[in-house]
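What follows is the residue order along each chain.
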Amino acid sequence: MKPGDVVRRRRAESGHKGDHGLFMGLKKSGNYEYAEVMWLDKRAPNGDVVSTIQKNLIELVKEAA
């Protein structure tokens, strides 16, 4: 995946299966790598437009042109 790709949640996570968003990139915290996604229909719990998610919980829907 690369920034700008459309992704969706891979499996049910708190009832949000199928949510779509724009992949913003990968970040690291120590040895842990996670994805940042701008979800199209919701905000992060802290109100930000970009939220974090385990990278194995999202899948590519469409590559950016």
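Peer 1: Account for the sheet that holds strand 5 (residues 58-62), with residues named and values stated.
Peer 2: Paired through backbone hydrogen bonds, the strands of a sheet run either parallel or antiparallel to each other. Read from one edge to the other, the open sheet built from five strands follows the order 4-3-2-1-5, with strand pairing classed as antiparallel. Of all the strands in the sheet, the pair left with one neighbour each is strand 4 (51-53) and strand 5. When the angles between neighbouring strand axes are averaged without regard to direction, this sheet yields 50°. In terms of strand pairing, strand 1 (residues 6-9) meets strand 2 (residues 20-29) through three bridges, oriented antiparallel. Bridge pairing links Val 6 to Leu 22 in strand 2.

Peer 1: I'd like a rundown of the pairing of strand 2, residues and numbers included.
Peer 2: Successive residues of a regular strand alternate their side chains across the two faces of the sheet. Pairing analysis gives eight bridges linking strand 2 to strand 3 (residues 32-39), with the strands arranged antiparallel. Within strand 3, the position partnered with Ser 29 by the bridge is Tyr 32.

Criteria and cut-off values
Residues numbered from 1 in each chain as written. Predicted model: local features only at pLDDT ≥ 70, side-chain atom pairs only at ≥ 80, totals over all residues. Heavy atoms only, no water. Pairing = 2+ DSSP bridges. Helix = DSSP H or I, 4+ residues; strand = E, 2+ residues; numbered from the N terminus. Axes fitted to C-alpha atoms, helices over the stretch in contact; angles between N-to-C directions.

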